[in-house]
Amino acid sequence: MTDLIVCTALGMEARAVARGLRPAREHSRVRVVRVGMGPDRAARAAALLPPAGALAVTGFAGALDDGLRPGDVLVATEVRSGDRVWPCPSAPLLAGELARAGLRAVTGPLVTSPRVVSGRDRRALALEGGIAVDMESAPLAAAARGRPFAAVRVIVDTPAAPLLSLATMGGAVAACRTLTRIGPVLARWAAATGPRRVLLASPRSFCAGVDRAIEIVERALVRFGPPVYVRKQIVHNAHVVRDLERRGAVFVDDLAEVPELPGGAVTVFSAHGVSPAVREEAGRRGLRVVDATCPLVAKVHAEARRFAARGDLVVLIGHAGHEEVEGVLGEMPGAGVLAEDEAAVEALPASLAEGRGVACLTQTTLAADEAEEVAAAVRRRFPGAEGPRDDDICYATTNRQRAVRAVAAEAQLVLVVGSANSSNARRLTEVAARSGRDGAPLARLVDGPGDIALEWLRGARTVGLTASASTPASLVDAVVAALGGLGPLDVEERRVTEENVEFTLPKEVRP
Ligand code: SF4
């Protein structure tokens, strides 16, 4: 049985990729097959390929898209020929791995043509949506018949520098070097293939506060028109921010970056909340504020004000620099202190609490078990300290942590989809890592399928999958789809509870 079959059209392509595959051949069965040039030869060779093993086609290709440059590596998301289309779902995984190997990887449709195309033909294929063209991938994709398939091509000519120009000849040497570097990546891809079970933690992805915050920006864009300024990331997710930017939102770190506009610029406060000082500044500047602070964060602000008003020392358990923490501390100048861990609590001078009560609050997105340890330290340090309330850590955080624990107990690998600056996502990853039974599962935070290192998937037959409260569900779907390109996938959901929380919109954007 062969683990990986790599097909190329030309001898020089075969030799180049075989050089890169040499180390992999020591511990896995790899065959490099020269299929010949053109779809007919490739089809004849495809009929003779071994029946098992991951199948990849690689070699040179011509760019159809003006944005591609010689040396770019195209990982086909699908292969097209005439009316037929063969999807290549693992493309984002391969492209991410190639990028980490230092190559300029792009993804997109690859068209197989029966002949070398130039001029008008090239433009016609580009208009049909292909971004690169080759002459062999389609018959090989057709021969894959359900086995993992990938088409990875190095761009050697472009619409501006077509085949056989001097630039192309020189580029072939560099392209061969690139093929050699593609070899080990294909070996890692093949090692990651195989049947797999995916356990979807539920609930996962957007919570009610994030849904509401995004809807507020969307409605503000419709009602007031762009630009709509948003102080800080509306929620901590790079994909959400990019999408809203495309639609006319302008994200700023500081209100000072919001320009003076007649009638006041429309400015949204993010879901994480702001301190009273920020509200006052917005008022002074005459900004038209729409407040997307999550009502559950606003509840912690209200508690902070209440404790501070009665003269308490308020210990806030949370992470320094997080916007929510800055906003809550801003509610209680002179009364609030931040404690990130037990050591920070022990280090608090006893004199701080002299002659007054002590209360405790937590950031809404902490790991419940860790926060309780710090809260216990507060109670030891200051006997009689009040709080934190059970629901300071919000329902969405608690539910997602329970759900990830349920899948981590069965998985060899847990993938948490979320951005690195999301507290929620980082805590989910930590909770997953602590939750395994026979040794903790490997738990990794990824922003999308391209961040998944193929090495993690090797031997991981059960993968737990979740997403932070700020991550769109579509990114989880994208990860599932990509994993499905590595072999048969059995997807099961582990639901620990139902969520039916909804928050009303602020009056400025209410229907
Ligand atoms: S994670 Fe919790 S506090 Fe944060 S926005 Fe969602 S519901 Fe609100």
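Up top is the structure these notes are about.
Residues numbered from 1 in each chain as written. Predicted model: local features only at pLDDT ≥ 70, side-chain atom pairs only at ≥ 80, totals over all residues. Heavy atoms only, no water.

Colleague: Explanation requested: the layout of surface pockets in the structure shown.
Modeller: Regions of empty space are outlined by a rolling probe, equal in size to a water molecule, passed over the atoms. Within this model, the second largest pocket holds a volume of roughly 240 Å³. In terms of lining residues, the second largest pocket is bounded by 14 residues, among which Ala24, His27, Ser28, Ala187 and Ala191 are the most central. Those elements giving two or more residues to the lining of the second largest pocket turn out to be helix 1 (11–25) and helix 6 (166–191). Here the lining of the second largest pocket gets five residues from one element, more than from any other, and that element is helix 6. Classifying every residue of the lining of the second largest pocket gives eight nonpolar, three polar and three charged. (1 Å grid on protein atoms, 1.4 Å probe; cavity = no way out; pocket = protein on both sides within 12 Å on 5 of 7 lines; lining within 4 Å. Points joined across faces, edges and corners; volume = space filled by probe spheres on them. Helix = DSSP H or I, 4+ residues; strand = E, 2+ residues; numbered from the N terminus. Nonpolar A, V, L, I, M, F, W, Y, C, P; charged D, E, K, R; others polar.)

Colleague: So what exactly am I meant to see when it comes to a positive patch on the surface here?
Modeller: Taken together, the side chains of Arg15, Arg19, Arg22, Arg25, Arg34, Arg41 and Arg44 make up a positively charged region of the molecular surface. Mapped onto the positive patch, the elements with two or more residues apiece are helix 1 and helix 2 (39–46). Position of arginine 44 among the secondary structure elements: in helix 2. The class for arginine 44 is exposed, based on a relative accessible area of 54%. (Patch = residues over 30% accessible without salt bridge, like charges linked within 9 Å, V, L, I, M, F, W, Y side chains within 5 Å. Areas by Shrake-Rupley, 256 points an atom, 1.4 Å probe, with all protein chains shown as cover. Salt bridge = Lys/Arg side-chain N within 4 Å of Asp/Glu carboxyl O. Lys, Arg positive; Asp, Glu negative; His and termini not counted. Charge placed at Lys NZ, Arg CZ, Asp CG, Glu CD. Buried < 20%, exposed > 50% of the residue type's maximum accessible area, 1.4 Å probe, protein only.)

Colleague: How do you make sense of the pairing of strand 1 (residues 4–8) when you look at a structure like this?
Modeller: Taken residue by residue, a regular strand's side chains alternate between the two faces of the sheet. The element strand 1 is extensively covered by neighbouring structure, given that five of its five residues are classed as buried. The two faces of strand 1 match: Leu4, Val6 and Thr8 on one face and Ile5 and Cys7 on the other face are all buried. The pairing of strand 1 with strand 3 (residues 54–63) spans four bridges and is classified as parallel. Of the residues in strand 3, the one forming a bridge with isoleucine 5 is leucine 55. Of the strand pairs in this sheet, strand 1 and strand 2 (residues 30–34) are connected by five bridges, and their pairing is parallel. Bridging from a neighbouring strand, isoleucine 5 pairs with arginine 31 of strand 2. (Pairing = 2+ DSSP bridges.)

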